[in-house]
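Survey of secondary and tertiary structure
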Amino acid sequence: NYRYFQERLKEEFGRAKRHHFDLCLMFLDIDNFKKFNDTYGHSAGDIVLTELVSALKSDSRLQDSVIRLGGEEFLIALPPNENLRIEVFIERILKLISQKQIVIEDTPKTVTVSIGYTPVCKANSAEDIEDLMNLADKALYRSKERGRNRATGISDLQCPPNYIDNIEIAHDNRLLSLNEIS
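A short tour of the structure in this document, coming up. (Residues numbered from 1 in each chain as written. Predicted model: local features only at pLDDT ≥ 70, side-chain atom pairs only at ≥ 80, totals over all residues. Heavy atoms only, no water.)

Quick word on helix α3 (residues 42-57)
With 16 residues, α3 extends 22 Å between its outermost C-alpha atoms, agreeing within 8% with the 22 Å of an ideal straight helix rising 1.5 Å per residue. For α3, every residue scored as buried is listed here: Ala44, Gly45, Val48, Leu49, Leu52, Ala55 and Leu56. Projected onto a plane normal to the axis of α3, the buried residues spread over an arc of 145° and lie on a single side. More than 90 degrees from the buried face of α3, the exposed residues found are Ser43 and Thr50. (Helix = DSSP H or I, 4+ residues; strand = E, 2+ residues; numbered from the N terminus. Expected span 1.5 Å × (residues − 1). Buried < 20%, exposed > 50% of the residue type's maximum accessible area, 1.4 Å probe, protein only. Arc of directions from axis to C-beta.)

Here it is, written out as structure tokens:
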């Protein structure tokens, strides 16, 4: 649940600060999930949710770091690691999910996801993390606007997270460096 996730996030944030590793927050949303539910029914949507979580949890890095926020939206805290290459990891998630066959009414179906992500390196406290989550959420919606089955992330945040509400995510914005993966 979300309370558990917040506790885990504080632990991971502390560990990242102590060891000078990056921690990354990701919002993940199933593309066109409402249409899928409307076409195949809510029980088929439940199968998709179960299969998605199973696929994510099969990655050892995500064992305790995935929570469902509601509907088809998930929040992931990617644990800190000195060898983490976030772009490689996100490419793997996108590929893993888009290639997974989900059987609905004896027919294999595929789903895709959109992702928004941000590193937590600019956070000075656990309270700043809430602002960074808002930024990752904005990046998620940019992924959806740009065509789905992709990730948009903030690779270099050059301001404190509490300024995020004043930032419009755009390629020409000098405060943010965006990174898009598809």
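A word on the packing of aromatic side chains
Where two aromatic rings form a pair, the distance of their centres and the angle of their planes describe that pair. A complete count under the given rule lists one aromatic pair for this structure. Each ring, one from Phe36 and one from Tyr40, has its centre 4.8 Å from the other, and the planes form 50°; the classification is tilted. In this pair, Phe36 and Tyr40 are both assigned in helix α2 (residues 33-40), four residues apart and thus about one turn of the helix distant. Owing to a relative accessible area of 27%, Tyr40 belongs among the partly exposed residues under this scheme. (Phe/Tyr/Trp six-rings, centres within 6.5 Å; stacked < 30°, edge-to-face > 60°.)

The quantities given are spatial measurements derived from coordinates; they are silent on function.
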